[in-house]
Amino acid sequence: MVARLRRILRSDFYNRPTLTVAKALLGKFLVRKIGHKKIEGMITEVEAYVGPNDRASHASRGRTPRAEIMFGPAGHWYVYLVYGMHYCLNIVTERKGYPAAVLIRAVAADGVIGPGKVCRYFKIDRQLNQKPATWASGLWIEDRGIKINPGGVVRGRRVGVDYAGKWRDKKWRFSIAA
DNA sequence: AGATTGATCCAT
DNA sequence: TGGATCAATCTG
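Described below are features of the structure shown in this document. Just so it is clear, the model here is predicted, and its values are computed rather than measured. (Residues numbered from 1 in each chain as written. Chains lettered and ligands numbered in written order. Predicted model: local features only at pLDDT ≥ 70, side-chain atom pairs only at ≥ 80, totals over all residues. Heavy atoms only, no water.)

On to the overall build of chain A. The secondary structure content of chain A amounts to 3 helices and 10 strands. For chain A, the succession of helices and strands along the chain, N to C, is β-α-α-β-β-β-β-β-β-α-β-β-β. For chain A, the spread of C-alpha atoms along the three principal axes comes to 50 × 35 × 30 Å. Each of the 178 residues in chain A was classed as buried or not, and the buried ones make up 48%. Of all intrachain contacts in chain A linking residues separated by at least 6 positions in sequence, the fraction that spans at least 24 positions is 60%. Total accessible area on chain A stands at roughly 9,500 Å², and carbon and sulfur atoms take up 53% of it. With 33 positive and 13 negative side-chain charges, chain A shows a spacing of 1 Å between the two charge centroids. (Helix = DSSP H or I, 4+ residues; strand = E, 2+ residues; numbered from the N terminus. Buried < 20%, exposed > 50% of the residue type's maximum accessible area, 1.4 Å probe, protein only. Contact = heavy atoms within 4.5 Å. Areas by Shrake-Rupley, 256 points an atom, 1.4 Å probe, with all protein chains shown as cover. Lys, Arg positive; Asp, Glu negative; His and termini not counted. Charge placed at Lys NZ, Arg CZ, Asp CG, Glu CD.)

The subject of this paragraph is the protein's contact with DNA strand C. Neighbouring DNA strand C are 20 residues; Tyr-80, Asn-90, Gly-116, Gly-160 and Tyr-163 lie closest to it. Of what DNA strand C places within 4 Å of the protein, 60% of the atoms are sugar or phosphate. Here a phosphate oxygen of DNA strand C and a backbone polar atom of Gly-114 are 3.5 Å apart. At 3.3 Å, a backbone N or O of Lys-117 approaches a phosphate oxygen of DNA strand C. Of all the secondary-structure elements, those providing two or more residues to the surface near DNA strand C are strand 4 (77-82), strand 5 (86-92), strand 6 (100-108) and helix 3 (115-121). Ranked by the residues each element gives to the surface near DNA strand C, the list is headed by helix 3, at 4 residues. Per-class residue counts for the surface near DNA strand C are 10 nonpolar, 7 polar and 3 charged. (Near = heavy atom within 4 Å. Polar contact = N/O pair within 3.5 Å; in protein donor to acceptor, adjacent residues only side chain to side chain. Nonpolar A, V, L, I, M, F, W, Y, C, P; charged D, E, K, R; others polar.)

Let's shift gears to the protein's contact with DNA strand B. Arg-61, Thr-64, Pro-65, Arg-66, Leu-81, Tyr-83, Gly-84, Met-85 and Arg-126 make up every residue found near DNA strand B. Each atom of DNA strand B within 4 Å of the protein was assigned to sugar, phosphate or base; sugar and phosphate come to 68%. Here a base oxygen of DNA strand B and a backbone polar atom of Tyr-83 are 2.7 Å apart. At 3.4 Å from a base nitrogen of DNA strand B is found a main-chain nitrogen or oxygen belonging to Gly-84. For the surface near DNA strand B, a count of residues per class yields 4 nonpolar, 2 polar and 3 charged.

Scanning all chains against the criterion turns up 4 aromatic pairs. Residues Tyr-78 and Tyr-80 carry aromatic rings whose centres are separated by 5.2 Å and whose planes lie at 35° to one another, so their mutual orientation is tilted. With a relative accessible area of 1%, Tyr-78 lands in the buried category. Both rings, one in Tyr-121 and one in Phe-122, keep their centres 5.3 Å apart while their planes meet at 70°; by these two values the pair is edge-to-face. We classify Tyr-121 as partly exposed; its relative accessible area is 29%. Geometry around Trp-167 places Lys-170 over its ring, the cationic atom sitting 5.2 Å from the centre. (Phe/Tyr/Trp six-rings, centres within 6.5 Å; stacked < 30°, edge-to-face > 60°. Lys NZ or Arg CZ within 6 Å of the ring centre and 35° of its normal.)

The next thing to look at is the pairing of strand 10 (residues 173-176). A regular strand places its side chains so that they alternate between the two faces of the sheet. Inspection of the sheet shows strand 3 (residues 37-50) paired to strand 10 by 3 bridges, in the antiparallel sense. Bridge pairing in strand 10 places Val-46 opposite Phe-174. Here strand 9 (residues 153-156) pairs with strand 10 via 4 bridges, running antiparallel. Bridge pairing links Gly-156 to Arg-173 in strand 10. (Pairing = 2+ DSSP bridges.)

Next up, the structure:
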């Protein structure tokens, strides 16, 4: 019997190039703790939003109150409302002062679900915005020893960013091949 | 294909 | 202060 690995990812994991972090997050486990209950699922799809010039990123308009967290240190949650009804969950990456984050687009838990449903399923709302991804905050990511080999990763264009000019075609969406 | 929904941002 | 925009989902 193999010992069950459960290692909570720390800030040094997130404080690396965003594309590296995005790919490395595939196969990791998102864990939500509410009281004595836990909600868990494996991350299956992510998107990278990188730097101040990425027009698809909220940070491209500078340090606005909403995007400010993306300029902060790695390993913090960025939760925001889209379309007036859904929350999206992102984890801030790279060094303080460089705005970047990875959007958690899909998680395998009772079937694969999209970004709005991820937040509904995991009971994530703005209370978690700007909180660290630690046990204390009630939402973190664990390494459970699952390795995704590079051949099992699908690369594609990001979703819903047709307005983003030359940044539209960046293949910064990564998912686990079905 | 359209409705829904509201925070955010920018132009006025 | 008002209007356009939006990293989504559901319904028909």
